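Survey of secondary and tertiary structure
Here is what each chain is made of, one letter per residue.
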Amino acid sequence: MSSDDVRLEDLPLREDLRGRSPYGAPQLDVPVRLNTNENPYPPPQALVDDVTEAVREVAAGLHRYPDRDAIALRQDLAAYLTGATGVPLTERNLWAANGSNEVLQQILQAFGGPGRSALGFEPSYSMHPIIAAGTRTDWVPTPRRDDFTLDTEAAARIVGERQPDVVFVTSPNNPTGGSIPFDELELVLRAAPGIVVVDEAYAEFSSQRSAVELIEAYPAQLIVSRTMSKAFAFAGGRLGYLAAAPAVIDALQLVRLPYHLSLLTQAAARAALRHADETLATVAKLAAERERVAEALLGLGFTPVPSDANFILFGRFADAKASWQAYVDNGVLIRDVGIAGHLRVTIGTPEENDAFLAASKEVPR
Ligand code: PMP
């Protein structure tokens, strides 16, 4: 018997993980890849050079562990977020990890777990329930309206009834694209007995005010998570972060693995942040393209869902899975997010969007 003969079912896996599927956005080699909400513009040469130089410098110290608390990086992130939101923040308000997925996992390790629950408004980001499962946090799915907006009054009522330890509000929401109006966020915060995580992975693309503005008013509840994977064009660098009251960061230090952010990651992320103005200049271009693509989809007879992010959910398809495959056959990879009759496309460069729109004329509805 070789190691290949052992199947997953043969392993002494936790019962609650049996039969589950891993996160699985297909990574296919097709000409136009518009499926994981990345920034389509590669980093500018000056950023590439700066990252390379920064990594070269720190490489001489690779025999030592990195700064466990990533203080300098957290200072830089605080400066960026203060500039972006107008809210004064220091490194004591910031925490960083390998992608916001790791940030979210640490939040559930600290505030969720066995005997606790987390509530989310679905359809939303598929990793929230997967991270809940991994940390053995009970998942409480709560529906959005049929048009995918959030009925905040109903949401507050359900939060009050279910008393979840953690509430996830994704704004702009992935995969549907809309934001929760800033004024309505407090309804959820007031109803929640515990932590409210506002997942702002796509905040830079949105015109809504950031939940960061509410941290001072709800310091024992509110955590705002962000990422450099989207607007910052740094998905490959794996850097997510959050803003919250300093005590929240103290709590996360209890569950984080020591030295979780490598010397290389910290140096590269700091270098990338120094070029924030250049990278974020792509945001306006992408927002304009989003409107162009939405209009064009309407013109083709599709129904795009209004989006505040760098992607659009659109329908209707009789068989979304078959249409997804037809896009692939036309050289365009988009995403079947499991919403009946709908597919999601990430906004790419104008050329990529044109290729997507051309393919949209070919695929079965
Ligand atoms: N939150 C949301 C809503 C997302 O869409 C994503 C990426 N798809 C993430 C978090 C995680 O991104 P990352 O781990 O790359 O920061």
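In this text, all values refer to a predicted model and were calculated from it rather than measured experimentally. (Residues numbered from 1 in each chain as written. Predicted model: local features only at pLDDT ≥ 70, side-chain atom pairs only at ≥ 80, totals over all residues. Heavy atoms only, no water.)

The number of helices and strands found in the protein chain is eleven helices and twelve strands. Taking 21 Å as the expected radius of gyration for a compact globule of 365 residues, we find that the protein chain reaches 21 Å, a close match to that expectation. Projected onto the principal axes, the alpha-carbon positions of the protein chain cover approximately 60 × 55 × 55 Å. Counting the 365 residues in the protein chain, one finds 52% classified as buried. Within the protein chain, counting contacts between residues at least 6 apart in sequence, those at least 24 apart form 75% of the total. Here the protein chain has roughly 16600 Å² of accessible surface; of this, 51% comes from carbon and sulfur atoms. (Helix = DSSP H or I, 4+ residues; strand = E, 2+ residues; numbered from the N terminus. Rg over C-alpha atoms; globule rule 2.2 N^0.38 Å. Buried < 20%, exposed > 50% of the residue type's maximum accessible area, 1.4 Å probe, protein only. Contact = heavy atoms within 4.5 Å. Areas by Shrake-Rupley, 256 points an atom, 1.4 Å probe, with all protein chains shown as cover.)

This part covers the site of the ligand. Taken together, the neighbourhood of the ligand is formed by 13 residues, with Ser100, Asp199, Tyr202, Thr227 and Ser229 sitting nearest. In this structure, an oxygen atom belonging to the ligand sits 2.6 Å away from a main-chain N or O atom of Ser100. In the environment of the ligand, an oxygen atom lies 2.6 Å from a nitrogen or oxygen atom belonging to the side chain of Ser229. Starting from 400 Å² of accessible surface for the ligand in isolation, the protein chains cover 94%. When its residues are assigned to classes, the shell around the ligand shows three nonpolar, seven polar and three charged. (Near = heavy atom within 4 Å. Polar contact = N/O pair within 3.5 Å; in protein donor to acceptor, adjacent residues only side chain to side chain. Nonpolar A, V, L, I, M, F, W, Y, C, P; charged D, E, K, R; others polar.)

So, on to the pattern of salt bridges. All chains considered together, the criterion is met by 16 salt bridges. Between Arg7 and Glu9 there is a salt bridge; the shortest N-O distance is 3.6 Å. Take Glu9: its relative accessible area is 52%, and that puts it in the exposed class. With a closest N to O distance of 2.9 Å, Glu289 and Arg292 form a salt bridge. With Glu289 and Arg292 both in helix α9 (residues 276-299) and three residues apart, this pair spans about one turn of that helix. When salt bridges that share partners are traced, they join Arg7, Glu9 and Asp10 into one network. (Salt bridge = Lys/Arg side-chain N within 4 Å of Asp/Glu carboxyl O.)

This part takes up the nonpolar core. Among the nonpolar cores identified, the biggest contains 85 residues, and Met228, Leu239, Tyr241, Phe314, Tyr327, Ile334 and Phe356 are the most heavily contacted of them. Among the elements that line this core, the one with the most residues is α9, at seven residues. Once residues within four sequence positions are removed from consideration, Tyr327 is found in contact with Phe302, Phe314, Phe317, Val332, Ile334, Leu343, Phe356, Ala359, Ser360 and Val363. Among the nonpolar cores identified, the runner-up in size contains 23 residues, and Phe111, Tyr125, Phe168 and Leu242 belong to it. (Core = buried A, V, L, I, M, F, W, Y, C linked by side-chain atoms within 4.5 Å.)

All right, on to unusual backbone geometry then. Asn174 connects to Pro175 through a cis peptide bond whose omega is 15°. Note that Pro175 resides in the loop between β5 (166-170) and α6 (182-191). For the peptide bond that leads from Gly315 to Arg316, omega is -5°, which places it in the cis range. Residue placement: Arg316 occurs in the loop between β10 (311-315) and α10 (320-329). Within the chain, Arg136 stands out as a residue other than glycine whose phi angle is a positive 60°. The phi dihedral of Gln163 falls on the positive side, at around 50°, and the residue is not glycine. The partly exposed category is assigned to Gln163, whose relative accessible area is 43%.

Attention shifts here to the sheet that holds strand β3 (residues 117-122). Pairing within the open sheet is mixed, and its seven strands lie in the order β2-β8-β7-β6-β5-β3-β4. In this open sheet, the two edge strands, each paired with only one partner strand, are β2 (94-97) and β4 (138-143). Going from strand to strand, the sheet's axes swing by 25° on average, the running direction of each strand aside. Along the sheet face, α6 touches β5, β6 (195-199) and β7 (222-227) and points at about 170° away from the line of β5. (Pairing = 2+ DSSP bridges. Axes fitted to C-alpha atoms, helices over the stretch in contact; angles between N-to-C directions.)

Another aspect to go through is the UniProt feature "modified residue: N6-(pyridoxal phosphate)lysine" (unreviewed entry) in the protein chain. Under the UniProt annotation, the feature "modified residue: N6-(pyridoxal phosphate)lysine" (unreviewed entry) is placed at Lys230. You can see Lys230 is positioned in the loop between β7 and β8 (240-243). Using a relative accessible area of 14% as the deciding quantity, one classes Lys230 as buried. Discounting chain neighbours no more than four positions away, the residues touching Lys230 are Thr36, Asn37, Asn39, Ala201, Tyr202 and Phe205. A polar contact of 3.3 Å, which involves the side chain of Lys230, links it to the side chain of Tyr202. (UniProt positions renumbered as here; feature names shortened; annotations may be inferred.)

Further remarks concern the UniProt feature "domain: Aminotransferase class I/classII large" (unreviewed entry) in the protein chain. Mapped onto this numbering, the UniProt entry gives "domain: Aminotransferase class I/classII large" (unreviewed entry) at residues 32-358. Segment residues 32-358 splits into 41% helix and 16% strand. End C-alpha atoms: 12 Å apart.

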